[in-house]
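Letter by letter, the chains look like this.
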Amino acid sequence: MKKIIVLFCMVVIFITPSFAGAEEIDQAKLDLERMSLYKKGEALTFIPWYYFAAIDTYERNVRSVRNDIPKRENGVLSIYIKPEDWSGLVNPVKEDSYLPTIHLFGGIGMDGNNDGKASIQDDEDLLFAFIHRLHFYGPSRQYIRMMLWDYYQRAITVDIIDEYARIYQYFGKLNITGNAFPLPIRSEHSYRSTWGAPRSFGGRRVHEGTDIFANYGTPVRATCYGVIETKGWNRIGGWRIGIRDLNNNYHYYAHLGGFNKEILKGQVVEPGTIIGYVGSTGYGPPGTSGKFPPHLHYGIYKDNGYSEWSFDPFPRLRLWERQDRIARRSS
Ligand SMILES: [Zn+2]
């Protein structure tokens, strides 16, 4: 048995890096190309590169969960401009790249790389046209938020992009990945898949998350790289925290007995950062506690640019728990 385990470990060790290697190189190349475009945006507008990174990430996230926006075939940016806006509404050529006719039909397409064509497939042309659509007030954070509001007309979108920008600014790079199980791996805890189970408090609703049962005071940790978006009381969730990550996930931690005092709204966190402690708060006015056994309610929500929805976090919890266990054994 031991031999089999050793053999299995060797196979995992020798095979995994070669797989991950190719993917990592592709991702690194993509990140380099993207970063050079974001820096170009910064040079043109004086708006820091991490805001372009944040806008592009937001658009990529929204695009990946929407069927009404086509996937981009060529190019590395995800910023979306409708072909009819690019070419002009009544332009008979749908993806026109000839500037005189684009202008004739009132299109917004531009030639960013000076190759004589305004191609919606070209990243520099796309970036240039996008920038020309923005209303600039100035490069400060408040002015950038006003600019984002003009463009997106949605408060949540402005907040999300602003949060993404904070994460990119904090780490100074595009490759920011990793996760952790929300409780220390050594702690006593148990959970099972209860997603969609009925709940009655606060009106008829279904359970949007996983309940992880643990003792009072067990540390609760961030599961991702992200920003603290919400912190405070809510009638159902009690003391709760919400963290937004770069992959279109809003992580929701509820029924906390207390917060880590050093954690503030707007702060950047990493996987494993302690944000609070397991409790049994909620189901009433601020301070209500003990109406159910202590547990962490953990939920994940996604956003498509219009609305948010939750999905079952159970498979990810299992995965992160396993990964933390392996990391702990090898350290
Ligand atoms: Zn729950």
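All of these numbers come straight from a predicted model, not from anything done at the bench.

For the protein, the count of helices and strands is eight helices and twelve strands. Across its three principal axes, the protein shows a C-alpha extent of roughly 70 × 60 × 35 Å. By residue count, 36% of the 331 residues in the protein fall in the buried class.

Attention now goes to the UniProt feature "domain: M23ase beta-sheet core" (unreviewed entry) in the protein. Mapped onto the present numbering, the UniProt feature "domain: M23ase beta-sheet core" (unreviewed entry) falls on residues 206-304. The span residues 206-304 shows a helical share of 0% and a strand share of 53%, and its end C-alpha atoms are spaced 21 Å apart.

The subject of this paragraph is the domain arrangement of the protein. Considered domain by domain, the protein is made up of domain 1 (23-171) and domain 2 (189-330). The C-alpha centroid of domain 2 is placed 33 Å from the C-alpha centroid of domain 1. The interface of domain 1 with domain 2 comprises 13 residues on the first partner and 13 residues on the second. When contributions to the side of domain 1 that touches domain 2 are tallied by element, the ones reaching two or more residues are α2 (49-64) and α7 (155-171). Broken down by element, the residue count for the side of domain 1 that touches domain 2 peaks at eight residues, all from α7. Split into classes, the residues belonging to the side of domain 1 that touches domain 2 amount to seven nonpolar, three polar and three charged.

This next bit is on the packing of α2 against α7. Contact pair α2 / α7: the axes reach a minimum separation of 8 Å and the direction vectors enclose 125 degrees. The pairing of α2 with α7 is recorded here as oblique in orientation. Note that α2 runs across α7; the crossing there is right-handed. Contact with α2, carried on its side by Tyr50, Tyr51, Ala53, Ala54, Ile55, Thr57 and Tyr58, involves Thr157, Ile160, Ile161, Tyr164, Ala165, Tyr168 and Gln169 of α7 and no other residues of that element. Classifying every residue of the contact of α2 with α7 gives eleven nonpolar, three polar and no charged.

Tracing the backbone shows Gly257 in strand β8 (residues 250-259). Residue classification places Gly257 among the partly exposed residues on the basis of 19 C-beta atoms within 10 Å. Expressed as a C-alpha distance, the spacing of Gly257 and Gly279, which sit 22 residues apart in the sequence, is 3.7 Å. Apart from the residues within four sequence positions on either side, Gly257 is in contact with Tyr216, Gly217, Tyr277, Val278, Gly279 and Thr281.

Rules behind the numbers
Residues numbered from 1 in each chain as written. Predicted model: local features only at pLDDT ≥ 70, side-chain atom pairs only at ≥ 80, totals over all residues. Helix = DSSP H or I, 4+ residues; strand = E, 2+ residues; numbered from the N terminus. Buried ≥ 20, exposed ≤ 12 C-beta atoms within 10 Å, placed from the backbone. UniProt positions renumbered as here; feature names shortened; annotations may be inferred. Domains from an automatic or database assignment. Contact = placed C-beta atoms within 7 Å. Nonpolar A, V, L, I, M, F, W, Y, C, P; charged D, E, K, R; others polar. Axes fitted to C-alpha atoms, helices over the stretch in contact; angles between N-to-C directions. Parallel < 35°, antiparallel > 145°, perpendicular 65-115°, else oblique. Left-handed = near helix turned anticlockwise from the far one by under 90°.

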